[in-house]
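# Chains, contacts and geometry: an overview
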Amino acid sequence: MGTRWLEHFFEPQKIAVIGASERANSMGGAVISNLLQSGFRGEVFAVNVKRYRQVHGVPCFQKIGRLPVAVDLAVICTPADTIERILKQLAKQGIHCALILTGGISRGRAEQFHPDKNPLRRIAQE
């Protein structure tokens with residue numbers, strides 16, 4: 001990974017939170033709330049396959065491809081089995097920087113993300 005993408009990661013101007021909802025204990029909802037409460041001055045968008053119009057007052061889109069602008073950083077807050085597909089969709093949209101916040105991976109399922117078996121490494125290199 002070149003250093004030019006680090007600016008998008010550490011100083012993003014536009015962030016999409018994938019899997020954001022207002023459901024209680026939603027990691028994506030918590031990320032949006034924290035961004036809004038922190039005084040983040042950039043643009044924030046929510047993405048959720050359900051037909052939310054907004055999440056915590058932030059515009060929500062059903063698909064990554066429907067985002068109105070290119071975002072600098074995608075924060076992925078979805079189940080582990082969706083991450084590979086989401087990363088491919090982000091790449092198609094020219095979004096090269098992602099933070100994966102996926103909870104609930106048990107030790108048994110975590111084996112699929114072992115460095116030797118991890119499909120995410122291949123996707124990142126592509």
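Throughout what follows, the structure given in this document is the object of discussion. (Residues numbered from 1 in each chain as written. Predicted model: local features only at pLDDT ≥ 70, side-chain atom pairs only at ≥ 80, totals over all residues. Heavy atoms only, no water.)

## Concerning the overall build of the protein
Here is the rule: Helical segments are the DSSP runs of H or I of at least four residues, strand segments are the runs of E of at least two, and each set is numbered from the N terminus. To sort residues, take the accessible area from a 1.4 Å probe on protein chains only and compare it with the maximum for the residue type: under 20% means buried, over 50% means exposed, and anything in between is partly exposed. Contact definition: two residues touch when any of their heavy atoms are within 4.5 Å. Values of accessible area rely on a 1.4 Å probe in the Shrake-Rupley scheme; residue burial ignores everything except the protein chains shown.
When its secondary structure is counted, the protein shows five helices and six strands. In the protein, which comprises 126 residues, the share counted as buried stands at 37%. Within the protein, contacts between residues separated by at least 24 positions form 60% of all contacts whose residues are at least 6 apart in sequence. Accessible surface, the protein: about 8,200 Å² in total, of which carbon and sulfur atoms supply 49%.

## Section: the packing of aromatic side chains
Applicable threshold: Stacked, tilted and edge-to-face are the three classes assigned to paired rings of Phe, Tyr and Trp, where Trp is represented by its six-membered ring and a pair needs centres within 6.5 Å; plane angles under 30 degrees give stacked, over 60 edge-to-face, the rest tilted.
According to the stated counting rule, one finds two aromatic pairs in the structure shown. For the ring pair Phe 9 and Phe 10, a centre distance of 5.0 Å and an interplane angle of 80° mean the geometry is edge-to-face. The class for Phe 9 is partly exposed, based on a relative accessible area of 27%. Seen in terms of ring centroids, Phe 45 and Phe 61 are 6.1 Å apart; in terms of plane orientation they differ by 55°. Their pairing is tilted. Placement of the pair is Phe 45 in strand β2 (residues 43–47) and Phe 61 in strand β4 (residues 58–61), with a sequence separation of 16 residues. The pair formed by Phe 45 and Phe 61 is uniform in burial state, with each residue classed as buried.

## Points about the pairing of β4
Rule in force here: Strands qualify as paired when DSSP identifies two bridges or more between them.
Judged from the two bridges that link them, β2 and β4 form a sheet pairing that is parallel. Bridge pairing in β4 links Ala 46 to Cys 60. Sheet analysis places strand β3 (residues 54–55) next to β4, joined by two bridges and oriented antiparallel. The partner of Gln 54 across the bridge, within β4, is Pro 59.

## So, the sheet that holds β4
To keep it simple, the criterion reads: All axes here are fitted lines through C-alpha atoms, helices being fitted over the stretch that makes contact, and every angle between N-to-C directions spans 0 to 180 degrees.
Across the sheet, six strands lie side by side as β3-β4-β2-β1-β5-β6; this open sheet has mixed pairing. Because the sheet does not close on itself, it has two edges, and the strands there are β3 and β6 (98–100). As defined by bridge partners, strand β5 (residues 73–76) adjoins β6 across three bridges and the pair is classed as parallel. Its bridge partner lying in β6, Ile 76 is registered against Ile 100. The strands touched by helix α2 (residues 27–38) are β1 (14–18), β2, β3, β4 and β5; relative to β1, the strand with the most contacts, the crossing angle is about 155°. Along the sheet, helix α3 (residues 83–92) contacts β1, β5 and β6; its crossing angle with β5, the most-contacted strand, is approximately 165°.

## Looking at the side chain of Thr 102
This is how the line gets drawn: For this analysis, a polar contact is any N or O atom pair within 3.5 Å, provided that within protein one partner can donate a hydrogen and the other can accept it, and provided that sequence-adjacent residues contribute only side-chain to side-chain pairs.
Within the secondary structure, Thr 102 sits in the loop between β6 and α4 (107–110). A polar atom in the side chain of Thr 102 sits 3.1 Å from the backbone oxygen of Thr 78. Setting aside residues no more than four positions away along its own chain, Thr 102 makes contact with Met 27, Ile 76, Thr 78, Pro 79, Ala 80 and Ile 83.

## Here we look at α3
In plain terms, the rule: Here, the arc refers to the directions that run from the helix axis to the C-beta atoms.
Residues of α3 that are buried: Ile 83, Ile 86, Leu 87 and Leu 90. Buried residues of α3 fall within an arc of 100° about the axis and therefore sit on the same side. Downstream of α3 by a residue or two, Gly 94 has a phi angle that is positive, lying close to 80°.

Read these as spatial facts, not as claims about activity.
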